[in-house]
Amino acid sequence: MGELGVEHFLFLSAALFIIGMMGVLIRRNLLIIFMCVEMMVTAANISLVAFGWENDSLDGQAFVLFAVAVAAAEAAVGLAIILALSRRVHSVDVDEFNTLKD
Amino acid sequence: MPWDLVIFYMLAGVCILAAGGVVAASNPVHSAIFLVICFFNVAGVFVMMGAEFLAVIQVIVYTGAIMVLILFVLMLVDPENLPEFHQGRPVQRAVGVLLGIILLLEVSVAILNRQVIGVKGNATAQAIDAVGGNTQALGRVLYSDYLFAFEVVSLVLTVGVIGAIVLALPERLGLKTLPRRGTISLGHGKGIDAEAIAMGPVEEMPMQPVAKDVIPKATGGRRLVMVKDPDEHTGAK
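Source: prediction; values computed, not measured.

Our focus in this paragraph is the overall build of chain A. What chain A contains, in helices and strands, is 3 helices and 0 strands. In chain A, the succession of helices and strands from N to C terminus is α-α-α. For 102 residues, the compact-globule estimate of 2.2 N^0.38 gives 13 Å, and the C-alpha radius of gyration of chain A, at 17 Å, exceeds that figure by more than 25%. Of all 102 residues assigned to chain A, the portion counted as buried reaches 52%.

What follows is the structure in structure tokens.
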């Protein structure tokens, strides 16, 4: 890999995605899990742009634009859900959300 | 080593370190700041791939809008309700790290043995320069091939905004908007009037303001002002 290729960007994307996945698995704070999900979305965006860059195509960038718009809507709705949950349960610990279990 | 490779390794290294900081930081605000650093470096990587418009969008939408939203929610949540990170759960953490390493190995094998090569598109560097730049070329693609998807995305954003407002409203909004009734007393430091409270709320009979020169004994020599509506005294009506 002496030259800048698509593999570099794919490895960066994989690393970001896996760090985000580890955050989702390890952490218990709902807000940090949310940030890690945003990081995983960004990792997927890097892959899309990288493949488009490799193949001289703009379709990947168009997809990323739509993904960013959907991620913004998802962030608004998700944070509103977190706010409503923290008001009701008085916690943002995912282990506290066990109403269906009890 | 060529310069673009050096710049890429700098951006990617800081990006991955900041991503690790997001997971490892015990304070959620520190996690948010690490995430901002990570997203700025991702924007730099986008510039390296010739996606200047997406780099700007990344900074505006992610580090601008979404991070501000996350910090707002972080401030609205009581800090006593935040769970502690550094306590127990060794099995959970070990499983998380193990699954991450396994997935990294699998993806590495997949990337290094990649065989599928896509069909070359027509958006070469010369073609993009002929249109006027990355933003113009992306706009032409968006408003021709992806016009319907573009409209659908606007609908998704509208529904998302409405859903966020509905979800974030307090559950018992009706109780908060009831008209306030009762007495306030400016003669007392905390505005509590024991005599009027003992008398209870009077519905039919409107309370009469006490004349200025009459000082009841129950107030301890201070002038008692009784009004039916708090706004009546301040003259807000």
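Looking now at the overall build of chain B. Secondary structure summary: chain B contains 10 helices and 0 strands in total. Taken from the N to the C terminus, the helices and strands of chain B come in the order α-α-α-α-α-α-α-α-α-α. Within chain B, buried positions represent 19% of all 237 residues. Within chain B, counting contacts between residues at least 6 apart in sequence, those at least 24 apart form 45% of the total.

Each partner contributes residues to the interface: chain A has 62 residues there, and chain B has 72 residues. Put simply, the parts of the chain that give the side of chain A that touches chain B at least two residues each are helix H1 (6-26), helix H2 (30-54) and helix H3 (59-89) of chain A. Class assignment for the residues of the side of chain A that touches chain B results in 45 nonpolar, 10 polar and 7 charged.

Direction vectors running N to C along H2 of chain A and helix H2 (residues 28-48) of chain B enclose 5°, while the axes themselves pass 11 Å from each other. Here H2 of chain B runs roughly parallel to H2 of chain A, going by the angle between their axes. Note on element contacts: H2 of chain B touches H2 of chain A through Pro28, Ser31, Ala32, Leu35, Cys38, Phe39, Val42, Val45 and Phe46 of chain B, opposite Leu31, Ile32, Met35, Met39, Thr42, Ile46 and Val49 of chain A. A class-by-class count of the residues in the contact of H2 of chain A with H2 of chain B yields 14 nonpolar, 2 polar and no charged.

Atomic detail in the predicted coordinates should be set aside for any region of low pLDDT. In this model, chain A carries an average pLDDT of 89, and 97% of its residues clear a pLDDT of 70 or more. H3 of chain A is the least confidently modelled element of chain A, averaging 91 in pLDDT, while H2 of chain A averages 94, the highest of any element.

For chain B, per-residue confidence averages 80 on the pLDDT scale, and residues scoring 70 or more make up 68% of the total. Per the prediction output, this complex has pTM 0.76; the corresponding ipTM is 0.92.

With respect to the helices and strands, the residue Gly96 of chain B is situated in helix H4 (residues 90-112). In sequence terms Gly96 of chain B and Asn134 of chain B are 38 residues apart; their C-alpha atoms lie 39 Å from each other. Beyond its immediate chain neighbours, meaning those up to four positions away, Gly96 of chain B contacts Met22, Leu25 and Ile26 of chain A.

This part covers the packing of helix H1 (residues 3-24) of chain B against H2 of chain B. Each pair of packed helices can be described by the angle between their axes along with the distance between the axes. All names here are of chain B. Across the interface, H1 lies against H2 with an axial gap of 8 Å and an inter-helix angle of 155°. Viewed along their axes, H1 and H2 adopt a mutual orientation that is roughly antiparallel. Crossing of H1 against H2: the hand is left-handed. Mapping the contact onto sequence places Asp4, Ile7, Phe8, Leu11, Ala12, Val14, Cys15, Ala18, Ala19, Gly21 and Val22 in H1 and Ser31, Phe34, Leu35, Ile37, Cys38, Asn41, Val42, Gly44, Val45 and Met48 in H2.

The next thing to look at is the nonpolar core. Generally speaking, nonpolar side chains in soluble globular proteins are found buried as a group. Leu16, Leu31 and Met39 of chain A together with Val22 and Cys38 of chain B are the most contacted members of the largest nonpolar core, which has 69 residues in total. For this core, the elements supplying multiple residues, two or more each, are H1, H2 and H3 of chain A together with H1, H2, helix H3 (52-76), helix H6 (134-142) and helix H7 (147-168) of chain B. Each of domain 1 (1-79) and domain 2 (116-178) of chain B contributes no fewer than three residues to this core.

The rules we used
- Residues numbered from 1 in each chain as written.
- Chains lettered and ligands numbered in written order.
- Predicted model: local features only at pLDDT ≥ 70, side-chain atom pairs only at ≥ 80, totals over all residues.
- Helix = DSSP H or I, 4+ residues; strand = E, 2+ residues; numbered from the N terminus.
- Rg over C-alpha atoms; globule rule 2.2 N^0.38 Å.
- Buried ≥ 20, exposed ≤ 12 C-beta atoms within 10 Å, placed from the backbone.
- Contact = placed C-beta atoms within 7 Å.
- Nonpolar A, V, L, I, M, F, W, Y, C, P; charged D, E, K, R; others polar.
- Axes fitted to C-alpha atoms, helices over the stretch in contact; angles between N-to-C directions.
- Parallel < 35°, antiparallel > 145°, perpendicular 65-115°, else oblique.
- pLDDT = per-residue confidence, 0-100.
- Left-handed = near helix turned anticlockwise from the far one by under 90°.
- Core = buried A, V, L, I, M, F, W, Y, C linked by C-beta atoms within 7 Å.
- Domains from an automatic or database assignment.

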